[in-house]
Amino acid sequence: MESTQEEPAESSSPVPGSEEPAGLARDPEVLPPKESEGCARPLETAPKKICGYLSKFGGKGPIRGWKSRWFFYDERKCHLYYSRTAQDANPLDSIDLSSAVFDCRADAEEGTFEIKTPSRIITLKAATKQAMLYWLQQLQMKRWEFHNSPPAPPAVPDAALAGNGPALRLELEQEEAELEEFLCPVKTPTGLVGMAAALQPVPAMPLALQNISLKHLGTEIQNTMYNIRGNKQTQGTGHRPSGEDSPLSEEPQREEQPSPPDLSAPGKDPADSPKPTPKSSLTANLIQKAKRQSNTFPLFTEGLTRNRTAQEKVLALEQQVLMLTKELKAQKELVKILHKALEAAQQEKRVSSAYLAAAEDKDRLELVRHKVRQIAELGRRVEALEQERESLVQTASLREQQVQELRQHVQLLLDKNQAKQEVIQKLSEKVTQDFMHPPNQPPTPPDAADRDLLSQQEKMEHLKDDMEAYRTQNRFLNSEIHQVTRIWRKVAEKEKALLMKCAYLQAKNCQVESKYLAGLRRLQEAVGVEAGECSELLRQLIQEALQWEASEASADSVVLSPISEYDEYGFLTVPNYEVEDLRLLAKIQALEVHSHHLLAHEAVEQPLRERWAALGELAPSAEIKQLLRAGVPREHRPRVWKWLVRLRVQHLQGPGRYQELLSRSQACKHPAARQIELDLNRTFPSNKHFTCPASSFPDRLRRVLLAFSWQNPTIGYCQGLNRLAAIALLVLDEEESAFWCLVAIVETIMPADYYSKTLLASQVDQRVLQDLLSEKLPKLMAHLGQHRVDLSFVTFNWLLVIFADSLISNILLQVWDAFLYEGTKVVFRYALAIFKYNEEQILRLQGGLEIYQYLRLFTKTVCNGRKLMNIAFNDMNPFPMKQLRQLRMAHRERLEAEQHELEQLKAEYLETRAAQGPAVPEGCTSEDEGEAEP
């Protein structure tokens, strides 16, 4: 066995050529460039080969110890392969460097370092300290290059080299410059690394058996048989007559092919030899297998004596060809992607045209089934991306643990170094003091004094060597921590990009599903009730679509961002309407809203959250106005609403006022208490906070409404105030804050008679809204007037409760954010925007009954809050407050005159009835006469 710390080998059989670093063996030969002096980095014309002999610690029992191994780095996989010698055909094993960290200890044997992977720790030893530092630096850079290189297509064998474009080279040069701040580049050790090391003899071991790997015995046998066969063929080549050189003439041509030749110049295949040597079937199989795998491990060409200047030119040209080939492939991939996008768009257009042009219901159902299959495919793609994201998360967590361990190790080394420096300083002071002020002791013999001085000097030299070793170790560990941190950030960025891609795909999936549901609804309307099997199939598909997906989401381990049953404020995402059409519309709305949320999260919502987080003390300003119109994030909404309410009611608030009103409501029952109790159970039946028996919200809402009834006796309580107070309670989560929010709305924002018994101001605002609709949307109002549609049946409740029963919670609260700051003008803006949002659909309707049915449901089609906000605050401009006041004043005077006239007619009627007296028709008996009879 190799080592107790290692995991079992990946495979003891030869590694296939398509998976091992054969591609690197086919690369052109690169000789070590001239090294620079000091910290200057040499200019490289081609990438270096990272290879050489190292000692690996492993084994068990009597053969446990250091083993000489030939190591070679594979750039495609970021693996470090090793075999017993450089001439072996197959590697023994490999080390995955993509998730590894490197460590070297100052107190360890010289040249010793460790490679730590998540599964094992490999201890290696270089011949010198310089070779150790060279290996560590080069492996660091290769690991960084691997993490920054774009993923290569699997069909391209040289994609790793082809991906090293100018941008990547520039980034790697920047990384090298940053690492130089920690540790200067190490000179290439002559004869110990690179291709020159392959020509050196294999490092001798004390025992021949000690260097053999019993753990990979099968691979050792294959390599041995291959080497024996190669030696025999070399000897046969030396004794071959000159006239029989035709088979040999084929060897240089083979060597020019990508397959790498052996250093020992192998000959022909034994199967092609005129006189094959008889061997056992097992030996023959091993030789054949070794020959087939001879190109799996990187060996070196025999042209080491060629002209290096010509080679460097060829390498430069080949590098340029690789870069241009990579760029050409990237352009081809881009063209393919654009073609696919165009084909997808054309396919979608053809499907839509086929759906609209389909004459029979069967064809339409087939198109619907095709869309269902597309939805399933998108779901599988989302699951695959989520699994990839989870693997990246695990990798990032492992990197974090490794970085933490390195930091602890560095801190221990720093403490140890500090303690040693203090000891050195004390010893230096003591030596200086002894020289300057020798103690009064009897004279010591000269030999003893010299020995003491030499001993002190020797200790000083040892301490200096230790200090230098610790400095080198600290510099390397600092560079390792720096690079591991950079890699972790890269992984985090990739994870973020994958999350954004998953969110985009999930949003598209929601859009496709909502279109599918809308298509089912239109098919149901077109087919009608009396359609037999087709109608039954449609009903079954609609029932399946309306079934909640909570069980499916809980069954799957991968759930990216599902549509939850309740939103963040406790409202049902898809309310349980009795009418199936309403539930279908609610499901479509939930899907569309979720899709818009996913698409706008990074581009709109995240910057908005950052702007709100950067705000300090709140104060009225144009910036606050724009931010409130865009909506307040949930985590900032309670703080912002409390500030807005305080601006409105600071002249009404007093210390202990709310508690005083609560005490009054407990001491004396208000006349409106019975109506408040009746309305508590009707408040938001689709919100879990007001329907759950164990919830405290109903009791808190009761106390808020009773306190307000004593705060404003002229109003007391009006139906609709319960929903206003409930919204405030859900957001602010404090009774007193919700109470003052209700006071701010009723007494400072809305007109005085809005919630009175006559609802005079509410009726005025309905007429104002009619005038504004006629001004802003004349075509729509003409269409509604043609069919004699009275919008007050729909809009009266909008303005009374500020859309609390009409809009979904995230759009509703966005309306309230601006309403609490700007006032009632916002309510009119959004009322106009809702009609503008659905104007085209209303104009397509014919008939008053059909329009009334649509108006009853059309707020369920409002899904895009950003679009609605842009309509309200951009398309409805200009919208001056002066015009609103004038319209209110004019309609109030007109309405008061109408009410005064109605009161006069009522009084005249009562006077007429009183003057006529009680009249009894002929033939009828009065009640008094009936009572007088016995």
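Residues numbered from 1 in each chain as written. Predicted model: local features only at pLDDT ≥ 70, side-chain atom pairs only at ≥ 80, totals over all residues. Heavy atoms only, no water.

The name given to the protein chain in an unreviewed UniProt entry is TBC1 domain family member 2A, with Lipotes vexillifer as the source organism. Entered under Subunit (unreviewed entry) in the UniProt record, the comment concerning the protein chain runs "Interacts with activated RAC1 and CDH1." The UniProt entry for the protein chain carries this comment under Subcellular location (unreviewed entry): "Cell junction". (UniProt positions renumbered as here; feature names shortened; annotations may be inferred.)

What about a nonpolar patch on the surface?
Among the surface-exposed residues, Phe 435, Met 436 and Leu 453 lie close enough to one another that they form a single nonpolar patch of about 340 Å² accessible area. Here Phe 435 is to be found in helix α10 (residues 361-436). (Patch = residues over 30% accessible without salt bridge, like charges linked within 9 Å, V, L, I, M, F, W, Y side chains within 5 Å. Areas by Shrake-Rupley, 256 points an atom, 1.4 Å probe, with all protein chains shown as cover. Salt bridge = Lys/Arg side-chain N within 4 Å of Asp/Glu carboxyl O. Helix = DSSP H or I, 4+ residues; strand = E, 2+ residues; numbered from the N terminus.)

What to know about the packing of helix α16 (residues 637-649) against helix α21 (residues 721-732)
Running from N to C, α16 and α21 point in directions that differ by 125°, and their axes come no closer than 9 Å. What the angle tells us is that α16 and α21 run oblique. Where α16 abuts α21, its residues Arg 637, Pro 638, Trp 641 and Lys 642 lie against Ile 727, Ala 728, Val 731 and Leu 732. For the contact of α16 with α21, the residue count by class is six nonpolar, no polar and two charged. (Axes fitted to C-alpha atoms, helices over the stretch in contact; angles between N-to-C directions. Parallel < 35°, antiparallel > 145°, perpendicular 65-115°, else oblique. Contact = heavy atoms within 4.5 Å. Nonpolar A, V, L, I, M, F, W, Y, C, P; charged D, E, K, R; others polar.)

What about the pairing of strand β1 (residues 51-58)?
Across the eight residues of β1, seven count as buried, placing the element largely inside the fold. The sheet contact formed by β1 and strand β2 (residues 65-74) spans eight bridges and is antiparallel. Residue pairing for β2: Ser 55 is matched across the bridge by Ser 68. Here β1 pairs with strand β7 (residues 121-125) via two bridges, running antiparallel. Looking across to β7, one finds that Ser 55 is bridged to Lys 125. (Buried < 20%, exposed > 50% of the residue type's maximum accessible area, 1.4 Å probe, protein only. Pairing = 2+ DSSP bridges.)

So, the side chain of His 409
Structurally, His 409 is set in helix α10. Since its relative accessible area comes to 15%, His 409 is described here as buried. Not counting residues within four places of it along the chain, the set of residues in contact with His 409 comprises Asp 103, Arg 105, Gln 473 and Leu 477.

A word on the nonpolar core
With 119 residues, the main nonpolar core has Leu 721, Ile 745, Tyr 755, Phe 803 and Phe 835 as its most contacted residues. Not counting chain neighbours up to four residues away, the residues in contact with Ile 745 comprise Leu 724, Met 750, Ile 802, Trp 816, Phe 819 and Leu 820. The next biggest cluster of nonpolar side chains, apart from the first, holds 37 residues, and it includes Cys 78, Leu 139, Leu 413 and Leu 477. (Core = buried A, V, L, I, M, F, W, Y, C linked by side-chain atoms within 4.5 Å.)

Things to note about helix α24 (residues 778-786)
By the burial criterion, the buried members of α24 are Leu 780, Met 781, His 783 and Leu 784. Each buried residue of α24 sits inside an arc of 160° when the element is viewed along its axis, so together they form one side. Exposed and facing more than 90 degrees away from the buried side of α24 are Lys 779 and Gln 786. Along its buried surface, α24 packs onto α23 (760-776), α27 (825-837), α28 (839-843) and α29 (848-857). Two residues or fewer after α24 comes Arg 788, characterised by a positive phi angle close to 55°. (Arc of directions from axis to C-beta.)

Remarks on the sheet that holds β1
Taken in spatial order, the seven strands make up an open sheet running β4-β3-β2-β1-β7-β6-β5, and their pairing is antiparallel. The sheet is open, and its two borders are formed by β4 (93-96) and β5 (101-103), each paired with just one other strand. Averaged over all neighbouring strand pairs, the angle between strand axes comes to 35°, with direction disregarded.

Topic: the packing of aromatic side chains
Taken as a whole and judged by the stated rule, the model has 19 aromatic pairs. With centroids separated by 5.6 Å and ring planes inclined at 55°, the aromatic side chains of Tyr 754 and Tyr 755 adopt a geometry described as tilted. On the basis of relative accessible area, Tyr 754 is assigned to the buried category, the value being 1%. Take Tyr 755: its relative accessible area is 2%, and that puts it in the buried class. A connected cluster of aromatic rings, assembled from ring pairs, spans Trp 798, Phe 803, Phe 835, Tyr 854 and Phe 858. The cationic tip of Lys 688 hangs over the ring face of Tyr 566; the distance from NZ or CZ to the ring centre is 5.0 Å. (Phe/Tyr/Trp six-rings, centres within 6.5 Å; stacked < 30°, edge-to-face > 60°. Lys NZ or Arg CZ within 6 Å of the ring centre and 35° of its normal.)

Some remarks on the confidence of the model for the protein chain
Low pLDDT marks stretches whose predicted atomic positions should not be read closely. Within the protein chain, residue pLDDT values average 76, and 70% of them lie at 70 or more. In this model, residues 153-164 is a region of pLDDT below 50 whose contacts with residues beyond four sequence positions or in other chains number 23 contacts. Note that pLDDT drops below 50 for residues 289-307; the model gives that stretch 68 contacts with residues more than four away or on any other chain. (pLDDT = per-residue confidence, 0-100.)

Quick word on the pattern of salt bridges
Evaluated as defined, the whole model comprises 29 salt bridges. Arg 702 is paired through a salt bridge with Glu 677; the nearest N and O atoms lie 2.4 Å apart. Separated by 25 residues along the polypeptide, Arg 702 in helix α20 (residues 697-711) and Glu 677 in helix α18 (residues 673-680) bring together distant segments of the chain. For Arg 702, a relative accessible area of 24% translates into the label partly exposed. The shortest N-O distance in the salt bridge between Arg 700 and Asp 733 comes to 3.2 Å.

What about the packing of helix α17 (residues 657-667) against helix α22 (residues 735-749)?
Their axes nearest at 10 Å, the elements α17 and α22 cross at an angle of 90°. Classed by the angle they form, the pair α17 and α22 counts as roughly perpendicular. Where α17 abuts α22, its residues Arg 657, Tyr 658 and Leu 661 lie against Glu 735, Glu 736, Phe 739 and Trp 740. Among the residues forming the contact of α17 with α22, the class breakdown is four nonpolar, no polar and three charged.

Points about the side chain of Glu 822
With respect to the helices and strands, Glu 822 occurs in helix α26 (residues 809-822). Of the residues examined, Glu 822 reaches a relative accessible area of 17% and is grouped as buried. A polar atom in the side chain of Glu 822 sits 2.8 Å from the side chain of Arg 629. Those residues in contact with Glu 822 that lie beyond four places of it in its chain are Lys 625, Arg 629, Arg 648 and Phe 873. (Polar contact = N/O pair within 3.5 Å; in protein donor to acceptor, adjacent residues only side chain to side chain.)

Describing unusual backbone geometry
The omega torsion across Asn 877 and Pro 878 is -5°, close enough to zero to call that bond cis. Turning to its location among the elements, Pro 878 is positioned in the loop between α30 (865-875) and α31 (881-916). Of note in the backbone geometry, Arg 788 takes a positive phi value of approximately 55° without being a glycine. Looking at the secondary structure, you find Arg 788 in the loop between α24 and α25 (792-801). Of note, Phe 803 is a non-glycine position whose phi angle comes to about 65°, a positive value. Relative to the helices and strands, Phe 803 resides in the loop between α25 and α26.

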